[in-house]
Amino acid sequence: KNQVEQSPQSLIILEGKNCTLQCNYTVSPFSNLRWYKQDTGRGPVSLTIMTFSENTKSNGRYTATLDADTKQSSLHITASQLSDSASYICVVSDRGSTLGRLYFGRGTQLTVWP
Amino acid sequence: EADIYQTPRYLVIGTGKKITLECSQTMGHDKMYWYQQDPGMELHLIHYSYGVNSTEKGDLSSESTVSRIRTEHFPLTLESARPSHTSQYLCASSESYGMGNGYTFGSGTRLTVV
């Protein structure tokens with residue numbers, strides 16, 4: 001079972017609307033959590049990174065939240081644009097090994113329609 | 001703009017051919033990584049390097065090999081390509097272990113073996 005689960009698997013919204021993507025994880029001990037945006041055929045690009053002590057982080061229209069107690073994170077996108085169509089990947093890092101292993105979710109495929 | 005470059009972006013090659021996927025970064029990062037990603041699936045670590053002359057296998061077994069002769073260069077080689085090697089290959093680098101500062105992905109190489 002994957003230690004990072006994302007929902008929904010896919011989402012379609014109209015341009016200008018808001019949406020929230022979810023990430024639940026079981027990774028322990030937790031180091032940090034990052035949200036990436038991956039356009040089709042491209043590499044992931046970092047949106048936000050949060051450590052244990054941070055519960056919210058914004059990057060323009062993207063706002064990530066973290067509840068380390070319940071091991072849940074969300075990514076809220078405000079006033080969506082066509083260019084937001086992409087896969088959004090939640091990545092959690094542990095601090096239990098020298099490598100600082102990364103655990104990847106399968107992503108939420110977001111499609112924004114005009 | 002990412003300072004990590006992968007070539008080629010797309011490659012279609014016949015079974016049995018030898019191929020090398022190139023990855024170079026200009027950030028002076030010691031740590032470099034290769035990931036494999038199939039559509040709709042999470043990224044899987046196949047190789048990583050702590051620095052020059054250091055290479056290790058990742059979580060996912062792979063028939064590919066890597067080398068790290070220079071800090072900035074981390075090529076991946078398949079001696080005899082097979083259709084099962086068809087996938088997207090992503091290179092990444094970082095300043096420190098796990099998701100430390102400057103964890104950056106390249107744009108990827110989409111490999112198709114026919």
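Each remark here, short or long, concerns the structure printed above.
Throughout what follows, the structure given in this document is the object of discussion. Sequence order sets the numbering: in each chain, residues are counted from 1 along the sequence as written. Ligands are numbered from 1 and chains lettered from A, in the order in which they are written. Local features in this predicted model are restricted to residues of pLDDT 70 or higher, and side-chain atom pairs are both shown and tallied only at a pLDDT of 80 or more, whereas totals for entire chains, interfaces and linings draw on every residue. Note that the side-chain values use all heavy atoms of the structure and ignore hydrogens as well as water.

Considering the sheet that holds strand E1 (residues 4-7) of chain A
Residues and elements named next belong to chain A. Keep this limit in mind: For two strands to be treated as a pair, DSSP must find no fewer than two bridges joining them. Each helix corresponds to a stretch of at least 4 residues labelled H or I by DSSP, and each strand to a stretch of at least 2 residues labelled E; elements are numbered beginning at the N terminus. To get an axis, fit a line to the C-alpha atoms, keeping to the stretch in contact for a helix; angles then go from 0 to 180 degrees between the N-to-C directions.
Taken in spatial order, the five strands line up as E1-E3-E8-E7-E6 in an open sheet, and their pairing is antiparallel. What marks the edges here is a single partner per strand, and that holds for E1 and strand E6 (56-59). Looking at each pair of strands side by side, their axes are set apart by 15° on average, direction ignored. Of the strand pairs in this sheet, strand E7 (residues 62-67) and strand E8 (residues 72-77) are connected by six bridges, and their pairing is antiparallel. If you follow Tyr-62 over to E8, its bridge partner there is Ile-77.

What to know about the interface of chain A and chain B
Rule in force here: Working rule for contacts: check all heavy atoms of both residues, and any pair within 4.5 Å makes them a contact. The quantity reported as buried area is the accessible area (1.4 Å probe) lost by two parts once they are put together, taken as the sum for both. Here a salt bridge means any side-chain nitrogen of Lys or Arg lying within 4 Å of a carboxyl oxygen belonging to Asp or Glu. In this count, Pro and Cys sit with the nonpolar residues alongside Ala, Val, Leu, Ile, Met, Phe, Trp and Tyr, while Asp, Glu, Lys and Arg are called charged and the others, Gly among them, polar.
Contacts between the two partners involve 22 residues from chain A and, on the opposite side, 22 residues from chain B. Across the chain A/chain B interface, buried area totals approximately 1900 Å², and carbon plus sulfur atoms make up 54% of it. The interface formed by chain A and chain B holds one salt bridge in total. In this structure, Arg-106 of chain A and Glu-42 of chain B form a salt bridge, with 2.9 Å as the shortest nitrogen-oxygen distance. Among the elements of the structure, strand E4 (30-38), strand E9 (86-94) and strand E10 (102-104) of chain A are those that each provide at least two residues to the side of chain A that touches chain B. Its residues assigned to classes, the side of chain A that touches chain B comprises nine nonpolar, nine polar and four charged.

A look at the environment of Gln-36 of chain B
Within the secondary structure, Gln-36 of chain B sits in strand E4 (residues 31-37). A C-alpha to C-alpha distance of 18 Å links Gln-36 of chain B and Val-114 of chain B, two positions 78 residues apart in sequence.

Concerning the environment of Ser-64 of chain B
All names here are of chain B. Just so we agree on the cut-off: Relative accessibility under 20% of the residue-type maximum defines a buried residue, over 50% an exposed one, and the middle range a partly exposed one, all with a 1.4 Å probe and only protein chains included. Nitrogen and oxygen atoms within 3.5 Å of one another constitute a polar contact, given that in protein one can donate a hydrogen and the other can accept it, and given that sequence-neighbouring residues count only through two side-chain atoms.
Counting through the fold element by element, Ser-64 comes out in the loop between strand E6 (54-57) and strand E7 (65-66). The class for Ser-64 is buried, based on a relative accessible area of 1%. Other than its neighbours up to four places away in sequence, Ser-64 contacts Ile-46, His-47, Lys-57, Leu-76, Thr-77 and Leu-78. Separated by 2.9 Å, the side chains of Ser-64 and His-47 make a polar contact. A distance of 2.6 Å separates a polar atom in the side chain of Ser-64 from a polar atom in the side chain of Ser-62.

Quick notes on the pairing of strand E9 (residues 87-94) of chain B
All names here are of chain B. Most of E9 sits out of view: eight of its eight residues are buried. Side chains of E9 alternate between two faces, with Ser-87, Tyr-89, Cys-91 and Ser-93 and Gln-88, Leu-90, Ala-92 and Ser-94 buried alike. As paired elements, E9 and strand E11 (residues 109-113) share three bridges and run antiparallel to each other. What sits directly across from Gln-88, in E11, is Arg-110.

That is the geometry; function is a separate question.
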